[in-house]
Structures are given as C-alpha cells and as structure tokens.
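# Chains, contacts and geometry: an overview
Below are the chains, spelled out letter by letter.
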Amino acid sequence: MPQNEYIEESIRRNGRRFDHAERMRKKEARKAHKDADFAQKVHGLRAKLYNKKRHAEKIQMKKTIKMHDEKNAKQKADDAVPEGAVPAYLLDREGQQRAKILSNMLKQKRKEKAGKWNVPLPKVRGIAEDEMFKVIRTGKSKTKAWKRMVTKPTFVGDGFTRKPPKYERFIRPMALRYKKANVTHPELKATFQLPIIGVKKNPQSPMYTQLGVLTKGTVIEVNVAELGLVTTGGKVLWGKYAQITNNPENDGCINALLLV
Amino acid sequence: MASIYNFKKIAPVPDAGDFLDIVLSKTQRKTPTVIHPGYKITRIRQFYMRKVKFTQDTFDEKLRQILEEFPMLDNVHPFYADLMNVLYDKDHYKLALGQVNTARHLIDAVAKDYVRLLKFGDSLYRCKQLKRAALGRMATIMKRQKDSLSYLEQVRQHLARLPSIDPNTRTLIVCGFPNVGKSSFMNKVTRADVDVQPYAFTTKSLFVGHMDYKYLRWQVIDTPGILDHPLEERNTIEMQSITALAHLRAAVLFFADLSEQCGYSVREQMSLFESIRPLFANKPTMLVISKTDVCKLEDVGPEERQLVDAVVKDGVEISHMSTYMDTGVIETRNLACEKLLQQRVEMKLKGQQVISVLNKLNVAQPARRDTVDRPVHIPEAVVKRRKYDSQDPGRMVLERDLEADGGGAGVYNVDLKKQYMLASDEWRHDVIPEIMDGKNVADFIDADIEERLAELEREEEKLAAEGLYDSPEESEDEEDRRIRSLASRIRERKQIIAQESRINNIGRSTLTHQQKATAGISAPEDFADHLRQLGLDGDAAQATAERITRKRQRSESRNPAVVLAKRSASLAARAISVQRDRSTMGLRDAHQQAESERIKTRALRNMGSMGRAGEADRRIGTKMPKHLFSGKRGIGTNNRR
C-alpha cells in the first residue's frame, strides 16, 4: 500500500530507469518543436489564450536577455559634459530644451483657462433623448405615450418621495439606481468606494441633472468623510465633487475622479 | 479499509489561472456564440444573460465541489482532525475553505447584479459590455483566491498520500526515541517495507502496516521518533506520533534501546516514558527492550536497572526482543495483541451495545425437583474405549493409515466393497455379471416381476369385459328429432327475414325522383273515401278537390273580367290574416289536444318546482366572455385579446 512519499522512496531505492537522463534531454530538446507545432495547429479560443501566454513569455525572455546584455555593455552617459573649452555658439545648446518645456506649459495653461470646465473630462458625447429614455405606452389599448423610463443609471436620494405611480412621468428603475461610486484620489493614487450625496451637474442637460442621471462626465458630490481630508483652516471635509470617468451603463459600476 | 476516511478521491484543485480558463472556455463551448445587432433586443439580452448565468453556474458548481469534497474537520474522527491540524494548520485550512465559500457567494451576487442590468441593455454593444464587465468581475474575484486554491491543492496531494488508518480497528502503535528499532520491528511483523536507516528521524511520518493474528486483521502503526521535551517545542514530525498516541485506542509498544546505540541514554528514554505516560492511560502498554543481541536487561548497570524497574508498574509489561537475531519479535507481538484483545472485550462488555445482546440471551437452569441424584449416564463401553492417539501403536486402524501404507494419496485404491452387508461375507468381492443365460440381470432385480405382469393383464381383461372402454351408443329419440327440425326451420326463417329486409332497404334508398313525386299524390276519390272511413262527410271535400284539380279544357275560355273580379275578391279575403294556434295544429281532435296538454304539464312540473330555467326560456349568454376579452397572449405579441 503506497503511503506518504512513496514515489521519492521508490526512486531512492530502485533508482531511475537507465536512460532517464537521455530521455529528459531529448524531451527538452524536442520541446521547442512540439510547442511550435502546437502553436501552428491550435485555433479558436485556445489559440487566443495560448498566444497571449506565449507573448508574455517572449517579452519576459527579451527583458531578461536585455538585462544580461546591459550588464556587459558600456553605457553612454547622456549628460556628459564635453571636455575642454566649448565655442561660444555652442554654449546655449543645453538651455533650449528647457525653453521648449516652458512654452508648452504656457500653452497648456492658456488652454486650461479657456475651458469653461476645469475638469478631467471637459467634453462629453451628446446623448439623444431617445437613447436616454424609453417610451412607455399606457392606457388600456396602449395608445398613450407620455411616460418615459430612464435607461441610464441614476442616483435617487434617500429623501425622494414618489408621485402617484399613475401620474409619474419619469420612471427611474430600481435596478439602475446607484448609491456608491469608486472614487480615485488623483494625488493619493488610491481608490475608495464612497457614497454619493447628489448629482451636481450632468453636462448633457439640466433635466438630467434634476433626474440624477449618471453618465460619463457627470459631476457628482461624494461623501469623503472616511478619507479624513481637512481644509486649510482645519475643518473636516465631507462632501467633495468628483467626475464620472466611465460609462456606467456599460460597466455596471461608477468610476469617478475626485476634483481637488 | 475505512471508506469514510478515504481522502484519495478528492478531485484536483486547479490553480486560479487554470480555473478561469476552464470556466470561461466552458462558457464559450456550451453557450451559443452567434449574435447579430439586427436581432430583436429581447433575444440579444437573453443571449448575454445566458452567458452570465452560465458562467456563474459553472463557478458555483466547481467551487461547491471543492467545498464538499474536502473533509470538514468537525466531522472526521478526532485523530484525523488533529493530524490535519498538525500537518496543515486547522486555522489556515478553515480560512482557505471559508474564502472559497465567500468567493462563491460574491460571484453569485455579481451575476445577479449584472443580469438585472442586462434587462435594461438597449443595444448589442451595451449588452456585450455588461457581459464583459460581469465575467471580468467574476474573474477578478477568482484571481484573488490564488493562494487559497494552491494551498488546497497541496493539502489534497498530501491528504491523498496519508496512510489509510482505520481509527476504530485493532491497532498496535510503535513509539519511542528515534533510532531505537521501531521501523525494524514494523518490517518484521508486517509487509509495510518501511525504510530503515542508521540515523535519527528516518521515518518522518506515520506508516501503517497490516498483519494477521488469531485470524483477525490488525494494523500496526509506525510513528516517527519523539524526543523528550515539552509539547510546545515539538515539531510537526513528532506531533504526528503524539496525535496517533492520543487519539487511537490501541496497544502501545514503547521501544527502549538499553545499548544506547541510538544516542540517547537509558535515563532519557525512561524520562520520556514518564512524560508521555498520560497518553498511555487506558491503553495496554508494553515496554519493549529492543536490540537484546547487543545489550540485555541483565547486562545494564544497577542504576539503569533501577530506572527501568521504576517504569514497569501498574499494567506496563516488559518484553525483550532483537530484530537482528529474530528473537522475541513474535512473542512481543502476541503479547501486545492478547492484551489489546482482552481489553477490547472488556470494553465491549462494559458498553451499551452488549447489553442489548445480553438481554436476548437466557440460560435456563431447571430448579431441583427432589433430592435424588441424577448423574450423567455414560455407557461403560464408551468409558472403557481407548482414546485415539496417533502415537499409540495399538490404536484403531483408520482408512487414512491404510492409505499411507498403500502408497499415499493418488496411489492407494479405496476398497468400497469391504463393508458390504451380504448373506455371506465371502460374496463381497464377487463380480456381478450384466448378462446371464441370455437375459439382462437388471431386468430380474424384481423377483416376482412375471407374476405381477400377469396380474396386470388379468385386471385389464376384466375391465374390458365390464365394458369400461366401450364408446356410448348413437341413439336419437323422437323428442330430439323434433327440436332439431324446429331449430332448422327457425334458422331458415331468420335468413329469409334478413334477406327481405335487405331487399326492402335497397328499394327504399333508391327511390327515383318520379316515384318520389307521385308517392304522396292521391286522387280526390281516395281522399273522400278516407274521410268517409273516418266517419266524416267527404262530399264537400271531394267537390272542392275536384274543382281545384280539374284541368281547364282548351275549349273553355275565360272571361278576363270574371277572372279579375275573382282574384280581387280572393285578395280581399287574404288581407285578413288567419290566426291559427300553432300549439294545436298537429293535433287531430280535442281528445288528443287534452292528452298533449297533460303530458306537457307533467314534463314542466319538475322544472317549475325547482325554479329552473327551462329550455323554452329566453336566454342571453354572457355578452363578453372573460376569456375572449382579457389577458395577454402567451407569445407576447399583444397584451390584450
């Protein structure tokens, strides 16, 4: 009855088969060919998975090779000062690089000032009303069409009271209501799941703001109490704005960037 | 083997990456893959929902399988629970399984959320994105289980290689310091083939071997050596021995090496015995002095001797053996087995189970009737008879002895005829011929066969004479003949009737149009005659009939004025509509009318008494049957009918 480390025990007692080393060597040598055969033959999903794996392996391999190469090769110092005296017309060569950066920065600043919204996503895609709403036909023979259902995620505050359902014009489905958002703090480079307090502005239309529709680019107010941020005056901050950076209706979650 | 403790059947646990590949490729293989944006949105949603749900199901099934297959520490025997705790750390094990369970719940929640979102997906792109997000989140949850899964896989591999020890059967446990000859003993008494080496801790885990004693199956457990230090300082290898000692109800064989070849002094060995003595409580324990070929108990110094003697008390027995010389090994084994067997029987007698059996047993002892002594009667011949002894030269000669004398089995031929009981003993070996005097001997086994045959024939003749075999005579009397002829006449008549009716039927069904036309027409005279027969005056009727049916001759011309006048008069008469009572129309006379009235009232009586609507009542059915005016269509084309 085999028990415990019986395989190792058997190898220790009886040794391996006499051609074990040779077989291993051959197997190793054949492996590249076998892999190549497989790579050519495989198709479909398995091919996709295999190629991805192989790709990662190759990258790793190249990196390793490069690392080994770097160990041996001599490096050229970038900021090596040319020895000896430099002619006057070459003296300001270094400064030019910096000047360019400055001008770029200026441009950037001007651009930022020009924008009305100083937010990460200054522009949004327009959303037509028929994409936003689904017409619900009412009446006994479904002839009336004044009811609308919002087909995008929405935020509905705690204090919201419904109108009588018969007269309610806009329906915000329970399944598409969100209470929390994954908010990234750009400086801390950390993401927190924070409760949403309200919708500050939906750039699409003031009506959407009123309805609390959450689309890409919407500015929401989030509860940052658990982050423990304080103002310069020393007051604890608890409400802060954040802008939604993903398409919540496609992803099933809300990712936002904290506006600091 | 104890099938409950078979851990070899746990399915391999794939690592997180493989797990994902398995599940996702199963989804790809087992769900439809072709979808077009032109399809109805409900179909698109359904397509993607199915993918999400299927993936969740697969994850659920796989994770549930892991949870079910791995043994629950609370449900297995405490020996295994403790051994697993020692080997794999109970907390870690429970945590890993708990995390797998949490992952399962999380995946279920994700699937539920995204299926709900998919119900509002309004385009193929959106549905696809949602599906992608759902599978992605499931994959993320699964990737976080990487460590748990790889830990569980290692545990599985180790579990499968654990010796299958049945905690409840008869067991001998071999324990002691390292290198005192435990494994050598094991190899001697069982076929386990444990590795024996001249260094400490050769055996690093529990080994089990099996042997037979008294036709019973025994297991011998070889444990790794244990050192003499506190429980907290013991390492995993030693803890396995301690676990086995603590939880198995077995005979314990504590091995001691008095020669001190193992590197530990006698004092150390005896102090170890004392320190683990609590583990030997309620177990038959033996101190086995091994390696007696090198050093016997008599050879040791008085100090050591004293130490050993101090240990051997309250039930601990001492035994000597040498596996090298092969002395005392079997005796040691037998002694241990006997002690354990005895103890197990005692335990069984104390237990509850035996009571139920004992209650069924009743040894009846008759009460003494009187003072007369009635000893057992043994015939004198039996008492005198010599007891059979194979060594005694004057013993009874058996068939077996004869066989041995006659050349042994296969050569000796048994004489079956020597015990025949015949009139004369000399006839025993006579040959019986098959044919004698031209007759078969077998036919004459019955001595009076001829006589009996003659008797049979006589009986036959007698029966034949009495007429037993005669067939009854064919006799027909007058009565029978009459009935027979009558029956044939009836049959004939029936045939004729059948044929006639068949002919009539044909005639009726094939009436020509001509026949039909003239069938109902009768002459006015016939009509009058019929009336007269009924006792009515037929003259007026005949006159009217003749007038109506008379055909105008060609010669007779008619005055148009007269004709017109006649017509107008008839028209005027027609203007007053004749009121006829339909209820009496088909009735012949007043008598018949009264009769029909009577029948009608009788028929209506019941109906009226129960206040029910009759067939003549005006009835308005449901104007808008519910089933025709409400409800949605099953196929969903309408939500109204």
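Residues numbered from 1 in each chain as written. Chains lettered and ligands numbered in written order. Predicted model: local features only at pLDDT ≥ 70, side-chain atom pairs only at ≥ 80, totals over all residues. Heavy atoms only, no water.

The name an unreviewed UniProt entry gives chain B is Nucleolar GTP-binding protein 1, with Coemansia biformis as the organism. Quoted verbatim from the Sequence similarities (unreviewed entry) heading of the UniProt record, the comment on chain B is "Belongs to the TRAFAC class OBG-HflX-like GTPase superfamily. OBG GTPase family. NOG subfamily." (UniProt positions renumbered as here; feature names shortened; annotations may be inferred.)

Going by what an unreviewed UniProt entry lists, chain A is known as Ribosome biogenesis protein NSA2 homolog and is assigned to Coemansia biformis. In UniProt, chain A has this text filed under Subcellular location (unreviewed entry): "Nucleus, Nucleolus". Listed under Function (unreviewed entry) in UniProt, the entry text for chain A is "Involved in the biogenesis of the 60S ribosomal subunit. May play a part in the quality control of pre-60S particles."

### Some remarks on the overall build of chain A
The helix and strand tally for chain A stands at seven helices and eight strands. Buried positions account for 25% of the 260 residues belonging to chain A. As presented, chain A carries roughly 19,900 Å² of accessible surface, and 55% of it is formed by carbon and sulfur atoms. (Helix = DSSP H or I, 4+ residues; strand = E, 2+ residues; numbered from the N terminus. Buried < 20%, exposed > 50% of the residue type's maximum accessible area, 1.4 Å probe, protein only. Areas by Shrake-Rupley, 256 points an atom, 1.4 Å probe, with all protein chains shown as cover.)

### Some words on the nonpolar core
Nonpolar side chains tend to gather and get buried jointly when the protein is soluble and globular. Core analysis: the largest hydrophobic core is formed by 132 residues, its most contacted members being L214(A), I220(A), F70(B), L152(B), L172(B) and L287(B). Examining the composition of this core, we find that twelve residues originate from one element, helix α4 (residues 90-118) of chain B, more than from any other. Of the residues that make up this core, three or more belong to each of domain 1 (7-158) and domain 2 (164-351) of chain B. In this structure L172(B) touches M211(B), W218(B), Q219(B), V220(B), I221(B), A250(B), A251(B), L253(B), R333(B), A336(B) and C337(B), once residues within four positions along its chain are discounted. By size, the runner-up hydrophobic cluster in this structure holds seven residues, among which are M132(A), F133(A), V150(A) and Y208(A). (Core = buried A, V, L, I, M, F, W, Y, C linked by side-chain atoms within 4.5 Å. Domains from an automatic or database assignment. Contact = heavy atoms within 4.5 Å.)

### Some words on the side chain of T58(B)
Here T58(B) lies in helix α2 (residues 41-69). In contact with T58(B), other than residues within four places in its own chain, are V23(B) and K26(B).

### Some thoughts on helix α6 (residues 146-160) of chain B
Taking 1.5 Å per residue as the helical rise, α6(B) with its 15 residues ought to reach 21 Å, and the 21 Å between its terminal C-alpha atoms agrees with that figure. What α6(B) keeps buried is the set S148(B), L149(B), Y151(B), L152(B), E153(B), V155(B), R156(B) and L159(B). (Expected span 1.5 Å × (residues − 1).)

### Some words on the side chain of R148(A)
Residue and element names in this part refer to chain A. Structurally, R148 can be placed in strand β2 (residues 144-150). In this structure, R148 is buried with no salt-bridge partner, the nearest side chain bearing the opposite charge being E129 at 5.5 Å. A distance of 3.1 Å separates the side chain of R148 from the backbone oxygen of A145, its partner in a polar contact. Setting aside anything within four residues of it in sequence, one finds R148 in contact with F133, K134, V135, I136, R169, F170 and I171. (Lys, Arg positive; Asp, Glu negative; His and termini not counted. Salt bridge = Lys/Arg side-chain N within 4 Å of Asp/Glu carboxyl O. Polar contact = N/O pair within 3.5 Å; in protein donor to acceptor, adjacent residues only side chain to side chain.)

### With respect to the sheet that holds β2(A)
All names here are of chain A. An order of β1-β2-β3 is seen for the three strands of this open sheet, with the pairing classed as mixed. The open sheet is flanked by β1 (133-138) and β3 (170-171), the only strands paired with a single partner. Bridging between β1 and β2 involves five bridges; their strand directions are antiparallel. If you follow T138 over to β2, its bridge partner there is K144. (Pairing = 2+ DSSP bridges.)

### Focus: a negative patch on the surface
Taken together, D448(B), E451(B), E455(B), E457(B), E459(B), E460(B) and E461(B) make up a surface patch of like negative charges. You can see E460(B) is positioned in helix α15 (residues 449-466). (Patch = residues over 30% accessible without salt bridge, like charges linked within 9 Å, V, L, I, M, F, W, Y side chains within 5 Å. Charge placed at Lys NZ, Arg CZ, Asp CG, Glu CD.)

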